[in-house]
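# Observations on the three-dimensional arrangement
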Amino acid sequence: MLPHIEIENITTQLGQAPAEDGVAMLLIRLSYPYEDNAVGSDPFVLYSLQEAEENWLITKESDTAYGCVFHKHVADFFRACPNGELHIFPIPQAVTNHIQLFGTTTYTQPIDNYLSSQNGRIKLVGVSIAHSSESSAEVQVTGITEELYNAIPNINSWANRQFVNNLSPVFVLVEGRRFLEGYAATSMNSAKNLREIVCPYVSVVVTREQSSYEAIDNNYADIGLALGTLANTPVGWNMGRVASGAISTLKNVRLSGGANLYEEISTTWLNQMAEKGYIFLTRHIGANGWYWSDDPTCTEATASNAYISLVRVTNKAASIVVKTYTQRLKSSFKVNKTTGRLEVQVINMLQNELQEAIEKEMLRNPDPNVPQALSGVNVRIDASQNVLATNMIVVNLEIVPLMVARVIRTRIQMVNPAN
């Protein structure tokens, strides 16, 4: 269900995200002319739209000439995140679908190598693969393409490897192209429910603003805009937070399938889209402009990683753990000569180191522009663990997240003070 305001009429008797958290990378499949005439095939970094246009010839004219929506994604990113850092990683032309890209190390290894070269600085990844093998028929019964739906577990596994193996957690936003193309009255009912899979490091964006770029590609979604919004959103906050302001200069919105403008979509459909875990642009009664609907991930709504804001908190905490405890690797610690367990002083020292590091960055950051990212944190080390036998210290890190107000229910009633 979409976040909304609820009012019950009761009848009574009158008797900003720090920069390091928003470094992003866009994996994008470009047309041959773009690679040959402008950007080449190697990764590069952009810090402004002006740099993209002047130094890399990423322009609307190039998009038109080369038949590829690239300039718009870059422009949208910097519209939403003016001071952002966007790494561009061109996907090889041989790649025609998401499973091919994320299913083997042939294509993921170069991406892994690039992420490693950035020392964990890249936190957000966008994926845009436009290819000729897309089928318009399949999306009429699946919402997004069957190929993308089947690839989401591969994408999630790749992201999970960054967390577990490379200690460089990332979150992945995917362009959900051709969403509900071939509109039919039952299309949304049969659209895939992304909440029924367990892929919490992935979200899918399925709408775009109405623009002249549709003449170049009528099946794209605003992945650049979503990625830029997320990059500009502080850790722990929702990318659709109304108080952060509407998305600038956006006039009208349609589904990525191209057929339907926002006002042609029923409230029932919008609620179904929200409940099935899609991210889209929407409006709120009482607020001007357009906002992202919510930040669901591709997993069940009750999980602790059901929303991007929650995953980013865990990812940031994990990064702090790496920075804090890497300095302690292969250190020698005193144990009690009678029990063989860690001394209390050692336990307190290790607990306090991580506690203070997380509190400094996520609870009481000295930068006044960095808001609180969580409600509380507790670090515990079990004193009874047999560290001499295992050569391992197990640390329990408990995080209390911020609450996101997805529904605000106000009860209005008349009262008679004299009664």
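Residues numbered from 1 in each chain as written. Predicted model: local features only at pLDDT ≥ 70, side-chain atom pairs only at ≥ 80, totals over all residues. Heavy atoms only, no water.

### Concerning the overall build of the chain
Regarding its fold elements, the chain presents 14 helices and 15 strands. Taking 2.2 N^0.38 as the reference for a compact globule, 419 residues should give roughly 22 Å; the C-alpha atoms of the chain span a radius of gyration of 24 Å, in line with that estimate. In the chain, which comprises 419 residues, the share counted as buried stands at 52%. As presented, the chain carries roughly 19300 Å² of accessible surface, and 51% of it is formed by carbon and sulfur atoms. (Helix = DSSP H or I, 4+ residues; strand = E, 2+ residues; numbered from the N terminus. Rg over C-alpha atoms; globule rule 2.2 N^0.38 Å. Buried < 20%, exposed > 50% of the residue type's maximum accessible area, 1.4 Å probe, protein only. Areas by Shrake-Rupley, 256 points an atom, 1.4 Å probe, with all protein chains shown as cover.)

### Section: the packing of helix H12 (residues 308-325) against helix H13 (residues 344-363)
Closest axis-to-axis distance for the H12/H13 pair is 10 Å, and the angle between their directions is 135°. As the angle between them shows, H12 and H13 are arranged oblique. Between H12 and H13 lies a crossing whose hand is right-handed. On the side of H12, the interface is formed by Val313, Lys316, Ala317, Ile320, Val321, Lys323, Thr324 and Tyr325, while H13 contributes Leu350, Gln351, Glu353, Leu354, Ala357, Ile358, Glu361 and Met362. The residue inventory of the contact of H12 with H13, partitioned by class, reads ten nonpolar, two polar and four charged. (Axes fitted to C-alpha atoms, helices over the stretch in contact; angles between N-to-C directions. Parallel < 35°, antiparallel > 145°, perpendicular 65-115°, else oblique. Left-handed = near helix turned anticlockwise from the far one by under 90°. Contact = heavy atoms within 4.5 Å. Nonpolar A, V, L, I, M, F, W, Y, C, P; charged D, E, K, R; others polar.)

### Considerations on the environment of glutamate 359
Inspection of the secondary structure puts glutamate 359 in helix H13. Expressed as a C-alpha distance, the spacing of glutamate 359 and asparagine 232, which sit 127 residues apart in the sequence, is 21 Å. Non-local contacts of glutamate 359, meaning those with residues more than four positions away in its chain, are made with Arg364, Asn365 and Val377. In this structure the side chain of glutamate 359 is engaged in a polar contact, spanning 2.9 Å, whose partner is the side chain of glutamine 355. Looking at glutamate 359, its side chain comes within polar contact range of the side chain of arginine 364, at 2.5 Å. (Polar contact = N/O pair within 3.5 Å; in protein donor to acceptor, adjacent residues only side chain to side chain.)

### Regarding helix H10 (residues 223-231)
Most of H10 is tucked away: nine of the nine residues are buried. Those residues of H10 that fall on the buried side of the exposure criterion are Ile223, Gly224, Leu225, Ala226, Leu227, Gly228, Thr229, Leu230 and Ala231.

### Some thoughts on the pairing of strand S5 (residues 124-128)
Burial runs high along S5: five of the five residues are buried. In S5, alternate side chains face the same way, and those of Leu124, Gly126 and Ser128 on one face and Val125 and Val127 on the other are all buried.

### Notes on the pattern of salt bridges
Across all of its chains, the model carries 18 salt bridges by this definition. With its nearest N and O atoms 2.6 Å apart, the salt bridge here joins aspartate 76 to arginine 79. Here the residue aspartate 76 and the residue arginine 79 both occupy positions in helix H4 (residues 71-80), the gap between them amounting to three residues, near one helical turn. Measuring nitrogen to oxygen at the nearest pair gives 2.8 Å for the salt bridge that ties arginine 177 to aspartate 217. With arginine 177 in the loop between strand S6 (171-175) and helix H9 (187-190) and aspartate 217 in the loop between strand S8 (207-209) and H10, the pair connects residues that are 40 residues apart, well separated along the chain. For arginine 177, a relative accessible area of 6% gives the class buried. Counted as one network, the salt bridges with shared partners bring together Lys72, Asp76, Arg79, Glu209 and Asp222. (Salt bridge = Lys/Arg side-chain N within 4 Å of Asp/Glu carboxyl O.)

### Quick look at the environment of serine 293
Secondary-structure assignment places serine 293 in the loop between strand S12 (287-292) and H12. Placed 13 residues apart in sequence, serine 293 and phenylalanine 280 show a C-alpha to C-alpha distance of 5.4 Å.

### Describing the side chain of glutamine 385
Tracing the backbone shows glutamine 385 in the loop between strand S13 (374-381) and helix H14 (387-390). What makes glutamine 385 buried here is its relative accessible area of 14%. What glutamine 385 contacts, discounting residues up to four positions off in sequence, is Arg341, Met392, Ile393 and Val394.

### Observations concerning the environment of phenylalanine 280
As for its placement among the helices and strands, phenylalanine 280 is situated in the loop between strand S10 (278-279) and strand S11 (281-284). It is 9.7 Å that separates the C-alpha atoms of phenylalanine 280 and glycine 240, two residues lying 40 residues apart in sequence. For phenylalanine 280, the residues in contact, after removing those within four places along its chain, are Leu2, Val206, Thr207, Leu270, Met273, Ala274, Tyr291, Trp292 and Ser293.

### Some thoughts on the sheet that holds strand S3 (residues 44-46)
The sheet built from seven strands is open, its strands ordered S3-S4-S2-S5-S6-S7-S10 with mixed pairing. The strands lining the two open edges of the sheet, one partner per strand, are S3 and S10. Pairing geometry for S6 and strand S7 (residues 202-205), over four bridges, is parallel. If you follow leucine 173 over to S7, its bridge partner there is serine 203. (Pairing = 2+ DSSP bridges.)

### Looking at the confidence of the model for the chain
Residues at a pLDDT of 70 or more form 91% of the chain, whose mean pLDDT is 89. pLDDT under 50 marks residues 5-15. Its contacts with residues more than four places away, or in other chains, come to 24 contacts. (pLDDT = per-residue confidence, 0-100.)

### Brief notes about the packing of aromatic side chains
A complete count under the given rule lists seven aromatic pairs for this structure. Residues phenylalanine 44 and tryptophan 56 carry aromatic rings whose centres are separated by 4.0 Å and whose planes lie at 15° to one another, so their mutual orientation is stacked. On the criterion of sequence distance, the pair formed by phenylalanine 44 in strand S3 and tryptophan 56 in helix H2 (residues 49-56) is long-range, its members being twelve residues apart. Its relative accessible area of 5% is what places phenylalanine 44 among the buried residues. With relative accessibility at 25%, the residue tryptophan 56 sits in the partly exposed group. Ring centres 4.8 Å apart and planes at 50° place the aromatic pair phenylalanine 179 and tyrosine 278 in the tilted group. Of this pair, phenylalanine 179 sits in the loop between S6 and H9 while tyrosine 278 is found in strand S10, placing the two residues 99 residues apart along the sequence. Of the two residues, phenylalanine 179 and tyrosine 278, neither departs from the other in class, the shared state being buried. The ring of tyrosine 220 carries the charged tip of arginine 208 above its face, separated from the ring centre by 4.8 Å. The lysine or arginine in question, arginine 241, covers the ring of tryptophan 237, its NZ or CZ lying 3.9 Å from the ring centre. (Phe/Tyr/Trp six-rings, centres within 6.5 Å; stacked < 30°, edge-to-face > 60°. Lys NZ or Arg CZ within 6 Å of the ring centre and 35° of its normal.)

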